[in-house]
Amino acid sequence: MKILPLIFSITLITIEVPADTVNFNSYFINAAAAAKPSVVKIIAFKKEKLDGVVKLNQIAYGTGTIIAKSGYIVTNYHVVKNGDQFKAIYNDGAYDEFQLFKNGKYYVADYKTDIAVLKISDNGEENFVPIKLADSNILNEGEWVLAIGNPYGLKQSITAGIVSSKGRDNIGFTDIEDFIQTDVPINPGNSGGPLINLKGEMVGMNTAIRSVSGGYQGISFAIPSNIVKQVCFDLTAYGRVKRGWIGFIARDKNIHQSDDIKSVEILSVIHNSPAEAAGIKQNDIVKKIDDEKIDSLGRLIKVVGSKSVGSKIIIQVSRNGKIIDFKLILREKDEYVKIQGELEQLFQSYGLEIDEDASNRHIVVTSISPRGPYKEIMEGDVIVAINNNRISSLENFIEKYRLAERIINNITVLRDKKTYDIYFEDSRKKE
C-alpha cells in the first residue's frame, strides 16, 4: 500500500493592533518600568544558637519599597516583626544589609497601621532610587492600578486591576483601617510592595487579601499612600507616630434591633484625657466630629486618626435626647514614663491597651488589636485581677505583670455586671 504525503495549505493572517491599544499597553509597561528600581525583596532571618554556634534561618519574605534616596524602605510590620536580621534584594539581583536604629532593632514600626521602616546602609552617597508618592485622596474608583512584589518569593512580579472601593474599615486586619480595595491579584510575599497608578507613582502599600484558601480570591487591600507618607515621616523623625488622642472607649450599637442602623456609644471616659476635660460622659452617643457624620466605630477611628496632634475639634453628642457640642484639642496620650515599656510590650504580646476610667479609676481595656490572639476580651472590659492577683490601679497591674515576668496566664474581667475568667496561652511560646 502506497502512503501519500499530506499536504497542508497555510494561510497567514495579519492582525493589525489598533493604535489606541498599543498606547494603552504602553501605560502599563512604562509604569512598571518606572517603579521596579524602587522595589526590593525582603528576607527575614531568625537567629538560632546550636552548640554555641549562631545560625540564621530564613523565616519569612516580603516586599519593600524605597521611599528616600538615603535608603529608607517601607514595608509591613507583619513582614519583619519576627525577624532578627534582614536582607534586601534589588531588582537586578544585588543585595544589601540594613542598619540598626536607636531602638537596637533593624526597623521602627507603627503596630496600629502595620507599617515598618528599615534603612539600607548608604555610606552617605544617597544613590538609591525612591518611588514617587502620589496623593491617594485623588485616586478614583474604577482607576487602573498595578502591584509589584514577590508573591511566594517570585521576584519582581507585576499584576494589574482596578480600584474597587476606597475608605474600607472594620476589616479586622489592623487597628486603624482606611484601606484601598482593589481586584489586583496579590499573594503572600506581596506585602509591603507598592500599589502604583499608570504614571508609576505609589498610591498605596499592598497589605492583605480577603481569602478562605490563603491565596488570592478577588479582593485585596492596600494602605493609602498619604497614610504611608505620614507614618514614615513620624517614624523616621521621632521613632513613633504622633497620634491625636481623645480619650474615650466606644462601641457600635444598633439604634433599632430590627435594622442595621448603628450609632457609636461611649462606654468609658479615660482619666486625665481631653474627653474628660471637655465634659464628655459615659453613655453619650457620638453624632459628628467637625461636621462629619459618625455612624460606626471604624468611621470614628478613621476621622480622629486623620487629625494631627494639636488639632481643635468639635464633637457633637446626644445625651438624654439633647444635642451637645464639645470643643477639645487633640494631644498625644500621656504615657506613664516608668511603665511605658511594659504598656508597649503588653500590646505587642497580647494585643491589649489598658488605662484608667475617669469616673471610678477602674482599669479598662481601651483597645484590642485585631491581630491579637485573644478574642474573648472586649473593649470596655474592667480588669479586676491578673494571674489570680487582685489589682487596684494601673501601676498595680504593671507591678503584678512585671513580677510574672510579663506572662499572663489568666485575667478576671467585669463586663455588664458579670465576672469572667479568661485564660491565656503565653504568646511568646508560639514564636
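Structure: see above.
Residues numbered from 1 in each chain as written. Predicted model: local features only at pLDDT ≥ 70, side-chain atom pairs only at ≥ 80, totals over all residues. Heavy atoms only, no water.

## Brief notes about helix α6 (residues 340-350)
Residues spaced three or four apart along an α-helix face the same direction, because each turn holds 3.6 residues.
Alright, step 1. Of the positions making up α6, those classed as buried are Glu342, Leu343, Gln345, Leu346, Phe347, Ser349 and Tyr350.
Alright, step 2. Where α6 ends, the next residue or the one after it, Gly351, has phi of about 70°, a positive value. (Buried < 20%, exposed > 50% of the residue type's maximum accessible area, 1.4 Å probe, protein only. Helix = DSSP H or I, 4+ residues; strand = E, 2+ residues; numbered from the N terminus.)

## Considering the layout of surface pockets
Alright, step 1. In this model, the second largest pocket occupies a volume close to 830 Å³.
Alright, step 2. When residues of the lining of the second largest pocket are traced back to their parent elements, those giving at least two are β9 (157-168), α3 (225-238) and α5 (297-305).
Alright, step 3. Considering each element in turn, the lining of the second largest pocket owes the most residues, seven residues, to α3.
Alright, step 4. Of the residues contributing to the lining of the second largest pocket, the split by class is ten nonpolar, ten polar and nine charged. (1 Å grid on protein atoms, 1.4 Å probe; cavity = no way out; pocket = protein on both sides within 12 Å on 5 of 7 lines; lining within 4 Å. Points joined across faces, edges and corners; volume = space filled by probe spheres on them. Nonpolar A, V, L, I, M, F, W, Y, C, P; charged D, E, K, R; others polar.)

## Some remarks on the pattern of salt bridges
Alright, step 1. The final tally for this structure, using the stated rule, is eleven salt bridges.
Alright, step 2. Linking Asp110 and Arg243 is a salt bridge whose minimum nitrogen-to-oxygen distance equals 2.8 Å. Taken as a pair, Asp110 in strand β6 (residues 108-110) and Arg243 in the loop between α3 and β14 (248-254) lie far apart in primary sequence, 133 residues in all.
Alright, step 3. In this structure Arg243 comes out as partly exposed when scored by relative accessible area, which is 22%.
Alright, step 4. Asp381 is the partner of Arg415 in a salt bridge, and the nearest nitrogen-oxygen pair spans 2.7 Å. Placement of the pair is Arg415 in strand β24 (residues 410-415) and Asp381 in the loop between β21 (363-368) and β22 (382-386), with a sequence separation of 34 residues.
Alright, step 5. We classify Arg415 as buried; its relative accessible area is 15%.
Alright, step 6. What makes Asp381 buried here is its relative accessible area of 1%. (Salt bridge = Lys/Arg side-chain N within 4 Å of Asp/Glu carboxyl O.)

## Here's the deal with unusual backbone geometry
Alright, step 1. In this structure, Asn283 is a non-glycine residue whose phi angle is positive, near 80°.
Alright, step 2. Counting through the fold element by element, Asn283 comes out in the loop between α4 (274-278) and β16 (285-289).
Alright, step 3. The backbone phi angle of Asn388 is positive, close to 70°, even though this residue is not glycine.
Alright, step 4. Summarising the element assignment, Asn388 is placed in the loop between β22 and β23 (389-390).

## Describing the environment of Glu332
Alright, step 1. By secondary structure assignment, the location of Glu332 is in the loop between β19 (322-329) and α6.
Alright, step 2. Sequence separation of Glu332 and Val309 is 23 residues, and the distance between their C-alpha atoms is 6.4 Å.
Alright, step 3. Apart from the residues within four sequence positions on either side, Glu332 is in contact with Arg240, Val241, Lys242, Arg243, Trp245 and Val309. (Contact = heavy atoms within 4.5 Å.)

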